[in-house]
Amino acid sequence: MSGLSAELKQVFKEHGDKARPVKQAAVLGAGIMGGGITITSAAHGVPVIMKDIAQEQLDLGMKTATSQVNRLVKKEQMTQEQANQVLATIEPTLEYEGFDKVDGVIEAVVENLGLKHKVLDQLEAVVRKDTLIATNTSSLRIDDIGQHMKHPERFVGMHFFNPVPVMPLVEIIQGTRTSDESVSTAVTWALKMGKTPIVVQDCPGFLVNRILTAYTRAFLQLIEEGADFEHVDKSMEAFGWPMGPAYLEDVIGIDTGSHVSDVISAGYPERMPHIENDAFRLMKSKDRLGQKNGKGFYEYTPDDSGRPQKHSSAEVHELLKAIQPNGQKDVSVEEIQQRMMLAMITEAVHCLEDKVVNSAEELDTALLMGVGFPRDKGGAIRYADSLGAKAILEQCEQYRHLGTQYEPTATIRKLAETGGSFYDEFPAGN
Ligand SMILES: NC(=O)c1ccc[n+]([C@@H]2O[C@H](COP(=O)([O-])OP(=O)(O)OC[C@H]3O[C@@H](n4cnc5c(N)ncnc54)[C@H](O)[C@@H]3O)[C@@H](O)[C@H]2O)c1
């Protein structure tokens, strides 16, 4: 929370004034995300009923929770007694018992619309009318998930990032029928869990994944044109990213990443049309899924402590030739950095113009916390302001022949003309 402006802190305070308290929580689904949300909520003083349909998943969830608190004990951030108290506030169950006492539920079952409809139906039958119901969906629309709900005003998105105990960001997604009070309740609950909540509107990809998709698509286009992916990775790491786009995709999992990218691209067909020679699709078809199966753009072997170490793969360079119809091409570091970052900046400005997020500061905060945007550059919009809208417009003109993603937006044109800044145009707390 440090580093946020007084205006943004005031926004959080105002949410706090409107929020209903969440003193008893429930989480549906004890998987990767549900387990992480459970321990995070319990460790911050909100007891959780953790429900799943499989006993082994509940056991796994409790095992993960135990190892999380043990880690805190080891780091002397918690005593063993406190750790035991936290674990005692988690109630694993296969039933809906006790849900009538719950103030807030986060649904984290598998990403399937039909299943989410079924689970919400069951939930509405057992919780109070005013219980907040949140979904941790990563790709489905809040309005679609909540379409059959009896009380859609209490339904909101709370999109946590993996791994939940470590990642500070939560996107709070307001559907068209979500009440302001529910948004404020979700914001305040996320703050209580030690997270930084950013309120966003319900659109394909929400905020962070939508902007990230524009960036990864710029990568795919460079590869299709003949650029070397390791050179692209090195160029973006030199810019300040903790890892380049190919390596990032290996870490996320190429099957997951490419599915998310396809779903989001389908939501913006004008700027994100079908890519004929798609390196992610190629990798997936060759069962190169990334770190999870030891081979993606790179190959991975465990080091002494079991952490995957990446190595270049001659096979991948050979494979990629099949999707480079014009052969290989040297692209300068400067061009790579400009095209990758400009794609991100233009999509970020679209998000501000579409009011997906309220301010430039909130957008940048989400990118810094959600995707590891280079800290010294301050976020896509702060970086755009450091270049100036006039320079951004010139870059758009230089690259617009590559596609409508580089078309300058109305705000870019306006600020290039007036010399104004994006931060002044989209201030926090307005
Ligand atoms: N994994 C990620 O990186 C990530 C990140 C952000 C959001 N998400 C979203 O979080 C949600 C969960 O993803 P995950 O990766 O934790 O999945 P997962 O497969 O690890 O866990 C899903 C859990 O749901 C349980 N489940 C299935 N049907 C159920 C039911 N009717 N009632 C209760 N539990 C049920 C399963 O037994 C399983 O334990 C998805 O919507 C996903 O899109 C995932």
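All of these numbers come straight from a predicted model, not from anything done at the bench.

Basis of the calculations
- Residues numbered from 1 in each chain as written.
- Predicted model: local features only at pLDDT ≥ 70, side-chain atom pairs only at ≥ 80, totals over all residues.
- Heavy atoms only, no water.
- Buried < 20%, exposed > 50% of the residue type's maximum accessible area, 1.4 Å probe, protein only.
- Helix = DSSP H or I, 4+ residues; strand = E, 2+ residues; numbered from the N terminus.
- Arc of directions from axis to C-beta.
- Contact = heavy atoms within 4.5 Å.
- UniProt positions renumbered as here; feature names shortened; annotations may be inferred.
- 1 Å grid on protein atoms, 1.4 Å probe; cavity = no way out; pocket = protein on both sides within 12 Å on 5 of 7 lines; lining within 4 Å.
- Points joined across faces, edges and corners; volume = space filled by probe spheres on them.
- Domains from an automatic or database assignment.
- Phe/Tyr/Trp six-rings, centres within 6.5 Å; stacked < 30°, edge-to-face > 60°.
- Disulfide = S-S within 2.5 Å.
- Near = heavy atom within 4 Å.
- Polar contact = N/O pair within 3.5 Å; in protein donor to acceptor, adjacent residues only side chain to side chain.
- Sits in = over half its atoms within 2 Å of the grid points.
- Nonpolar A, V, L, I, M, F, W, Y, C, P; charged D, E, K, R; others polar.
- Buried area = accessible area lost by both parts, 1.4 Å probe.
- Salt bridge = Lys/Arg side-chain N within 4 Å of Asp/Glu carboxyl O.
- Pairing = 2+ DSSP bridges.
- Axes fitted to C-alpha atoms, helices over the stretch in contact; angles between N-to-C directions.

Quick look at helix H18 (residues 410-418) now. Buried residues of H18: Thr411, Ile412, Leu415 and Ala416, and no others. For H18, the buried positions fall inside an angular range of 135 degrees around the axis, keeping them on one side. Turned more than 90 degrees away from the buried face of H18 sit Ala410, Glu417 and Thr418, all of them exposed. Where H18 is buried, its residues contact helix H14 (333-353), helix H17 (389-399) and helix H19 (422-425). Trailing H18 by a residue or two, Gly419 shows a phi angle of about 80 degrees, which is positive.

On the UniProt side, "domain: 3-hydroxyacyl-CoA dehydrogenase NAD binding" (unreviewed entry) is annotated at positions that read residues 25-203 here. Secondary structure across residues 25-203 divides into 40% helix and 21% strand, with the first and last C-alpha atoms of the span separated by 27 Å.

Of the pockets and cavities examined, the largest pocket occupies roughly 1,600 Å³. Looking at the lining of the largest pocket, the elements that each hand over two or more residues are helix H2 (32-43), helix H5 (113-126), strand S6 (155-160), helix H8 (208-225), helix H10 (245-252), helix H11 (254-267) and helix H15 (360-370). Structurally, the lining of the largest pocket is a two-domain feature, drawing no fewer than three residues from each of domain 1 (6-201) and domain 2 (207-430). Considered as a void within the structure, the second largest pocket measures approximately 460 Å³ in volume. In terms of lining, the second largest pocket is formed by 19 residues, of which the most central are His15, Val199, Asn358, Glu362 and Asn430. Counting residues per element, the ones that place at least two in the lining of the second largest pocket are helix H1 (6-18), helix H7 (180-192) and strand S8 (196-201). In terms of residue count, H1 provides more of the lining of the second largest pocket than any other element does, 4 residues in total.

The next point concerns the packing of aromatic side chains. Under the definition given, this model contains 12 aromatic pairs. Their ring planes at 35 degrees and their centres at 5.0 Å tell us that Tyr215 and Trp241 sit as a pair that is tilted. Here the residue Tyr215 occupies a position in helix H8, and Trp241 occupies one in the loop between helix H9 (229-239) and H10, the gap between them amounting to 26 residues. For the pair Tyr215 and Trp241, one class covers both residues: buried. Ring geometry for Phe219 against Phe297: centres 5.8 Å apart, planes inclined by 75 degrees, an arrangement best described as edge-to-face. Of the two residues, Phe219 is situated in helix H8 and Phe297 in the loop between helix H12 (279-285) and strand S9 (299-302); the sequence distance between them amounts to 78 residues. Using a relative accessible area of 0% as the deciding quantity, one classes Phe219 as buried. One aromatic cluster is present, built from ring pairs that chain together Phe219, Phe229, Tyr247, Phe280, Phe297, Tyr298 and Tyr300.

UniProt tags residues 205-300 and 337-419 as "domain: 3-hydroxyacyl-CoA dehydrogenase C-terminal" (unreviewed entry). What you have in residues 205-300 is 60% helix and 2% strand, and the ends, taken at the C-alpha atoms, are 29 Å apart. With 67% helix and 0% strand, residues 337-419 has its two end C-alpha atoms placed 24 Å apart.

What follows is about the state of the cysteines. Counted by the stated rule, this structure contains 0 disulfides. Take Cys351: it sits in no disulfide, and the sulfur closest to it among the cysteines is that of Cys203, at 6.1 Å. Its relative accessible area of 0% is what places Cys351 among the buried residues. Unpaired in this structure, Cys396 has its nearest cysteine sulfur neighbour in Cys351, at a distance of 15 Å.

The immediate surroundings of the ligand are formed by 22 residues, with Asp52, Gln57, Glu111, Lys116 and Ser138 found nearest. Contact distances for the ligand include 2.5 Å between an oxygen atom and a side-chain N or O atom of Glu111. In the model, an oxygen atom of the ligand is placed 3.3 Å from a nitrogen or oxygen of the Asn162 side chain. Cavity membership is defined here by more than half of the atoms lying within 2 Å of grid points; on that basis the ligand lies in the largest pocket. For the shell around the ligand, the secondary structure elements donating two or more residues are H2, H5 and S6. The element that contributes the greatest number of residues to the shell around the ligand is H5, accounting for 3 residues. Classifying every residue of the shell around the ligand by side-chain character gives 10 nonpolar, 8 polar and 4 charged.

The next subject is the domain arrangement of the protein. Taken domain by domain, the protein holds domain 1 (6-201) and domain 2 (207-430). Taking only C-alpha atoms into account, the centre of domain 1 sits 30 Å from that of domain 2. Between domain 1 and domain 2, the residue contacts involve 16 residues of the former and 15 residues of the latter. Taking both partners together, domain 1 and domain 2 bury about 1,300 Å²; carbon and sulfur atoms supply 68% of that area. For the domain 1 face of the interface with domain 2, the top three residues by lost area are Leu8, Leu169 and Ile198, together amounting to 32%. For the pair domain 1 and domain 2, the number of links is 0 salt bridges. Inspection of the domain 1/domain 2 interface yields 3 residue pairs in polar contact (both at pLDDT 80 or more). Contributions of two or more residues to the side of domain 1 that touches domain 2 are made by H1, strand S7 (169-174) and S8. Counting residues per element, the side of domain 1 that touches domain 2 draws most heavily on S8, at 5 residues.

This part covers the sheet that holds strand S4 (residues 104-107). Reading across from one edge, S3-S2-S1-S4-S5-S6-S7-S8 is the order of the 8 strands in this open sheet, with mixed pairing throughout. Only two strands of the sheet have a single neighbouring strand rather than two, namely strand S3 (90-93) and S8. Taken pair by pair, the neighbouring strands of this sheet meet at an average axis angle of 25 degrees, ignoring direction. Summarising the sheet, S6 and S7 pair through 4 bridges and their orientation is antiparallel.

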